[in-house]
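Geometric and topological summary
Each chain, letter by letter, is given below.
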Amino acid sequence: MRMVGVMAVLMVAGGAWGQSGGPIQNVAGRKTVSLNGSWQTIVDPFLTGYYDYRWQPDAEHGFGANRKPQSKSELVEYDYDRSAHLQVPGDWNMQRPELLFYEGAIWYKRDFDYKLEPGRRLFVHFGAANYHATVLLNGKLLGEHVGGFTPFSFEITALVREKGNFLIAMVENQRRMEGVPTVNTDWWNYGGLTRDVQLVEEPETFVQDYSIQLEKGSRNRVSGWVRLNGTRLGQKVTVEIPEAGAAFAVTTDERGYAKVAGEAQLTLWSPENPKLYEVVVEAETDRVRDSIGFRTIETSGGNILLNGKPIFLRGITMHAEAPYRTGRAWSEDDARTLLGWAKELHANFVRLAHYPHDERMVRLADRMGLLVWAEIPVYWTIQFGNPQTYANAENQLLEMIARDKNRASVILWSMANETPLGEARLSFLSRLVERARREDPTRLITAALQAHYADETTEMMDDPLGQFLDVLGCNEYVGWYDGPPEKADRIQWKTPYDKPLVMSEFGGGALQGYHGDELTIFTEEFQSRVYQHQIGMLKRIPFLRGTSPWVLMDFRSPKRTLPGIQDYFNRKGLISERGQKKAAFFVMQQFYESVEKEGPPR
Ligand code: GCB
């Protein structure tokens, strides 16, 4: 395969699923071997292992070759065996002090043996690599992937050998103006192989992907599709839900594709009863099991309806920041802690900001009964007029939907966060909305927008993007960036849209353990006061159907420099990064408890 340069790859980001021809659904439900653990690594700030001295890309002859001197005279200026190690999964920033602020390339190498029986196929699967990964096996380029938060895989059937394979990934997290996200984010640019790496073994023709959900608007009609990959593409496939006594038999076409539809009597999934069914997708040559919940989600005028009934989203936003240790979250324990705190808050909803989180999060949300807002890092001022930026954003959107489309917990796909008004932005985002709807007609589409003051006391939510959305998201910081906390008492909210509003962010900062009078900024008392006045205001918004304050836990951000208070942490957490709850946590908890018991504010 011809090597393409870093910039060139950004242009072709539109189809970066590697050689597998698309994502492998439900990797955890396959035959896998973990490649997690210690990898040899070379820090390469000047991309010396990638470009030659004329700046021509040449990874197969660079560090990707894993060259060993053939004689004592041969010059080889790198050596994985004498280089430091990094743990995978894990961002590099938290693993060595000198990498805390590092942005650049790191080469990862891991050896493995694998006996692949004839007629079987092997893939290497990456849960995520931030931001740009170039992957080689045994010195041969497999491909590249752009986008820091979605999975990708490459087929290695023809290249793998029984002994002495070396898998190399160059991961590069240099921020780019044209990237998604762009150079400016209020979170840490954690680099590296931040999620699981696995070998996935499949039969020659296998069930690559499937979508199994309730048909939009129906509570007993299952609808979806299956897709095979291999040479025996026309097969009989059944999708079975044994507990519901339902089985749908189909025959795949010459592309390996078949639609699935049929009736089933199902107990619907909800936060109160997060019922999951075992679903078995069985082809003649392969079989995959999954746990899937069934529910409907729609809007009617200003209401969000879950299984036909109006619901108020008692939410909390969170970053994929690891509790207690900081760094990028990835483990089951991380997910349990973060979502456990949401439960403790009496939440029924989480906004997973500002990019797709580890798949464990949405799978656990399925089991714990938490509704999910999932989003892509179209954040602030990306290049809305740049077609390559659009292709990149769309690719990340499709990869997110591909991974999480069978999760009942996920009810909202969010297109963007706090993006500045303008024509290019509107055409970019409305196109993205349209693409998301085509890909997944069953879920609601939203975006975190911003309101403006129509007069001194009227916040107006009339962003023109609103006409394309099902649910309006709004970030506002009345009482923090916008006036003193009491300002909220005077504000009323208006919108021309007959659509539900979720206040997708509000809040203020506090250093946990810092106490003082409630006029002193960054004290727990001040933060609580922001929340108290916010809650008073929120209760008066007639079209409000959910809230998700910013943010569950303090998280690292290079933008937050104030010594002694921030120390490179955004302090708007209700909980510190060491897991200590601040006073505002209990203010919010009390509000949600009352909403849970007495119904939403009206
Ligand atoms: C926002 C952003 C979020 C920031 C937050 C803040 O509006 O959406 O990413 O971290 O404000 O703390 O300023």
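What you see is a predicted model, and the numbers here were worked out from it, not measured in a lab. (Residues numbered from 1 in each chain as written. Predicted model: local features only at pLDDT ≥ 70, side-chain atom pairs only at ≥ 80, totals over all residues. Heavy atoms only, no water.)

Our next topic: the packing of aromatic side chains. Tallying each qualifying case throughout the model produces 29 aromatic pairs. The interplanar angle of 40 degrees and the centroid separation of 5.1 Å between the aromatic rings of Phe101 and Trp188 together place this pair among those described as tilted. One end of the pair, Phe101, is in the loop between β3 (85-88) and β4 (105-112); the other, Trp188, is in the loop between β9 (165-172) and β10 (197-203), and 87 residues separate them in sequence. Owing to a relative accessible area of 3%, Trp188 belongs among the buried residues under this scheme. (Phe/Tyr/Trp six-rings, centres within 6.5 Å; stacked < 30°, edge-to-face > 60°. Helix = DSSP H or I, 4+ residues; strand = E, 2+ residues; numbered from the N terminus. Buried < 20%, exposed > 50% of the residue type's maximum accessible area, 1.4 Å probe, protein only.)

Strand order in the open sheet formed by three strands is β11-β12-β15, with antiparallel pairing between adjacent strands. The sheet is open, and its two edges are formed by β11 (206-214) and β15 (257-263), each paired on a single side. The average angle at which neighbouring strand axes cross in this sheet is 15 degrees, direction not considered. Judged from the seven bridges that link them, strand β12 (residues 221-229) and β15 form a sheet pairing that is antiparallel. Considered in β15, the bridge of Ser223 is made with Ala261. (Pairing = 2+ DSSP bridges. Axes fitted to C-alpha atoms, helices over the stretch in contact; angles between N-to-C directions.)

Splitting the chain by domain gives domain 1 (3-203), domain 2 (206-294) and domain 3 (299-508 + 542-555). Measuring from the centre of the C-alpha atoms in domain 2 to the corresponding centre in domain 3 gives 29 Å. Listed per partner, the contact involves 20 residues of domain 2 and 22 residues of domain 3. Each partner contributes to the roughly 1,500 Å² buried at the junction of domain 2 and domain 3, and carbon and sulfur atoms together form 51% of this total. For the domain 2 face of the interface with domain 3, the top three residues by lost area are Lys216, Trp269 and Pro271, together amounting to 39%. Summed over the shared surface of domain 2 and domain 3, the result is three salt bridges. The salt bridge involving Lys405 is made with Asp209; its shortest N-O contact spans 2.8 Å. Inspection of the region where domain 2 meets domain 3 yields eleven residue pairs in polar contact (both at pLDDT 80 or more). Among the elements of the structure, β11 and β17 (287-292) are those that each provide at least two residues to the side of domain 2 that touches domain 3. Among the residues making up the side of domain 2 that touches domain 3, the classes are represented as eleven nonpolar, five polar and four charged. (Domains from an automatic or database assignment. Contact = heavy atoms within 4.5 Å. Buried area = accessible area lost by both parts, 1.4 Å probe. Salt bridge = Lys/Arg side-chain N within 4 Å of Asp/Glu carboxyl O. Polar contact = N/O pair within 3.5 Å; in protein donor to acceptor, adjacent residues only side chain to side chain. Nonpolar A, V, L, I, M, F, W, Y, C, P; charged D, E, K, R; others polar.)

Counted under the stated rule, the structure contains 52 salt bridges. One salt bridge connects Arg403 with Asp404, and the closest N-O pair in it is separated by 2.8 Å. Classification of Asp404 by relative accessible area gives buried; the value is 2%. The structure contains a network of salt bridges with shared partners spanning Arg195, Asp196, Glu332, Arg336, Asp358, Arg360 and Arg367.

The residue Arg255 is located in the loop between β14 (246-251) and β15 in this model. Since its relative accessible area comes to 55%, Arg255 is described here as exposed. Between the C-alpha atoms of Arg255 and Gln580, which are 325 residues apart in sequence, the distance is 53 Å. Not counting residues up to four positions away in its chain, the partners in contact with Arg255 are Arg227, Leu228 and Leu233.

By the secondary structure assignment, Pro97 is in the loop between β3 and β4. Using a relative accessible area of 75% as the deciding quantity, one classes Pro97 as exposed. Put simply, Pro97 and Thr267 are 170 residues apart on the chain and 51 Å apart in space, counted from C-alpha to C-alpha.

What follows covers the site of the ligand. By nearness alone, 14 residues border the ligand, and Asp186, Tyr379, Glu418, Tyr481 and Lys572 come closest of all. In the model, an oxygen atom of the ligand is placed 2.9 Å from a nitrogen or oxygen of the Asn417 side chain. At 2.7 Å, a side-chain N or O of Glu505 approaches an oxygen atom of the ligand. Summarising the interface, the protein chains cover 97% of the accessible area of the ligand, which totals 310 Å² for the free molecule. Classifying every residue of the shell around the ligand gives five nonpolar, four polar and five charged. (Near = heavy atom within 4 Å. Areas by Shrake-Rupley, 256 points an atom, 1.4 Å probe, with all protein chains shown as cover.)

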